Amino acid sequence: MTRGMWMRHTLMIAGLLASAWAMAAGPAVESGEYVYILGGSASGTMTVKGSSFNITTIGGNCHTCAIEGTFRGRVGVDKDEGTCRIAVSGNKDALKLDSSATAEACRGFCGMRAMFDGDYRRAPAACTDRQRQARIGQAHKQYAAKDYDAARTTLRSLLSECDLFMDWIERDKARSDLAVTEYHRGDNAQCLAVLSETIAVKAQKDASLFLPPCDADNYASTSKAILYNQGLCKAPIKH
């Protein structure tokens, strides 16, 4: 083999290796807004624009994570020190973030009770922030017009379709609205069944659901409404 042939052979192998690496690394993360799916009182979003990302999450007692950076293939790198690296797996609508390889560097972007590792989902069109608020507004108008059946349908579909994309307080507010709608429909049993899924009512039987101070303050008005509605639905039906 001549030197020229050897060089061309070497370059071809290098090109094939580079292509294989790119395929293994997967496509870049698609632009859009992804909702943090963790459960409990944690919530947050990851916004991706081009190769840039912005992650903001809220954990227990209002502790937060905030990190910005860029994606290099399927690895996110923080823009500050470049030492926090976040591996991304999954498909375009369901992603998983894992920063365990550089955990110490990544913890610097989070409060004690917050994290950003875990599952993220892209909300369907009917469950974006704007559309959820529009659907809640529609239910409130239907309720104000005393069209309780329509308000019930709107709220039940919202909770059924968008549960994953609502934070814990928003979800319980919608449940409280649905419960009082059931009350006005004359279905006290269904009212109580809906409220039984809220944190305020579950906490009556489970002391482990005690909320830390900041979470309790943020939830206070929602909890008050839930417990008031619970009282309405426990009262005998007036004939």
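Residues numbered from 1 in each chain as written. Predicted model: local features only at pLDDT ≥ 70, side-chain atom pairs only at ≥ 80, totals over all residues. Heavy atoms only, no water.

K.L.:
Please clarify how the overall build of the chain should be interpreted in this entry.
P.N.:
Across its full length, the chain carries 8 helices and 8 strands. Buried residues in the chain amount to 35% of all 239 residues. Pairs at least 24 apart in sequence give 50% of the contacts found in the chain among residues at least 6 apart. Total accessible area computed for the chain in this model is approximately 13,800 Å², and 57% of it derives from carbon and sulfur atoms. (Helix = DSSP H or I, 4+ residues; strand = E, 2+ residues; numbered from the N terminus. Buried < 20%, exposed > 50% of the residue type's maximum accessible area, 1.4 Å probe, protein only. Contact = heavy atoms within 4.5 Å. Areas by Shrake-Rupley, 256 points an atom, 1.4 Å probe, with all protein chains shown as cover.)

K.L.:
Would you mind showing me how to read the packing of aromatic side chains here?
P.N.:
Given two aromatic rings, their pairing is described by the distance between the two centres and the angle made by the two planes. Here the structure, examined in full by the defined rule, presents 4 aromatic pairs. With a centroid separation of 4.8 Å and 40° between ring planes, the pair formed by Phe53 and Phe71 is classed as tilted. With a gap of 18 residues between them, Phe53 in strand β3 (residues 52–58) and Phe71 in strand β4 (residues 64–72) connect regions that are remote in the sequence. Here Phe71 falls in the buried class, since its relative accessible area comes to 10%. (Phe/Tyr/Trp six-rings, centres within 6.5 Å; stacked < 30°, edge-to-face > 60°.)

K.L.:
How should I be thinking about the environment of Cys106 in this particular structure?
P.N.:
Secondary-structure assignment places Cys106 in helix α2 (residues 103–107). For Cys106 and Ile86, which are 20 residues apart along the polypeptide, the C-alpha to C-alpha distance reads 8.5 Å. Excluding anything up to four places from it in sequence, Cys106 contacts Cys84, Arg85, Ser99 and Phe116.

K.L.:
Explain helix α5 (residues 168–184) to me, please; I cannot follow it from the model alone.
P.N.:
Spacing of three or four residues puts side chains on the same side of an α-helix, whose turn is 3.6 residues. In this model α5 runs 25 Å from its N-terminal to its C-terminal C-alpha over 17 residues, within 8% of the 24 Å that 1.5 Å per residue would give. Taken across its 17 residues, α5 has 13 buried, putting it largely inside the fold. Among the residues of α5, the N-terminal cap falls to Asp167, whose side-chain oxygen and the backbone nitrogen of Ile169 are separated by 3.0 Å. (Expected span 1.5 Å × (residues − 1). Polar contact = N/O pair within 3.5 Å; in protein donor to acceptor, adjacent residues only side chain to side chain.)

K.L.:
Mind showing me how you'd approach the sheet that holds β3 here?
P.N.:
As a general point, the strands of a sheet are linked pairwise by backbone hydrogen bonds and lie either parallel or antiparallel. Reading around the barrel, the 8 strands line up as β1-β2-β3-β4-β5-β6-β7-β8 and close back on themselves, with antiparallel pairing between neighbours. Each adjacent strand pair in this sheet contributes to an overall mean axis angle of 30°, direction not counted. In the sheet, β3 pairs with β4 via 7 bridges, with the strands oriented antiparallel. Its bridge partner lying in β4, Ser52 is registered against Thr70. (Pairing = 2+ DSSP bridges. Axes fitted to C-alpha atoms, helices over the stretch in contact; angles between N-to-C directions.)

K.L.:
When you look at helix α3 (residues 129–144) in this model, what are you seeing that I'm missing?
P.N.:
For α3, with 16 residues, the first-to-last C-alpha span of 23 Å sits near the 22 Å given by 1.5 Å per residue. Three or more residues of α3 are buried, namely Arg132, Arg135, Ile136, Ala139 and Gln142. Down the axis of α3, the sector holding all buried residues measures 120°, keeping them to one side. Away from the buried face of α3 by more than 90 degrees, exposed residues Arg130, Lys141 and Ala144 are located. Among the structural elements, α4 (148–162) and α5 are those in contact with the buried residues of α3. Lys146, located one to two residues past α3, shows a positive phi value of around 65°. (Arc of directions from axis to C-beta.)

K.L.:
Any chance you could explain the pairing of β4 here in plain terms?
P.N.:
Each regular strand displays side chains that alternate between the two surfaces of the sheet. In this antiparallel pair of consecutive strands, β3 and β4, the connection spans 5 residues, and Asn61 shows a positive phi of 55°. Note: β4 against strand β5 (residues 75–78), 4 bridges, orientation antiparallel. When the bridges of β5 are listed, Arg72 appears paired with Val75. Counting the residues that bridge the hairpin from β4 to β5 gives 2 residues, and of these Gly73 lies at a positive phi of roughly 70°.

K.L.:
Even after reading the chapter, I still don't get the state of the cysteines, so can you show me in this structure?
P.N.:
Between two cysteines, a covalent bond joining their sulfur atoms is known as a disulfide. The final tally for this structure, using the stated rule, is 5 disulfides. For Cys191, the disulfide goes to Cys233, at an S-S distance of 1.8 Å. Here the disulfide of Cys191 and Cys233 is right-handed, its torsion about the S-S bond being about 80°. Placement of the pair is Cys191 in helix α6 (residues 188–195) and Cys233 in helix α8 (residues 213–234), with a sequence separation of 42 residues. Like Cys233, Cys191 is buried. (Disulfide = S-S within 2.5 Å.)

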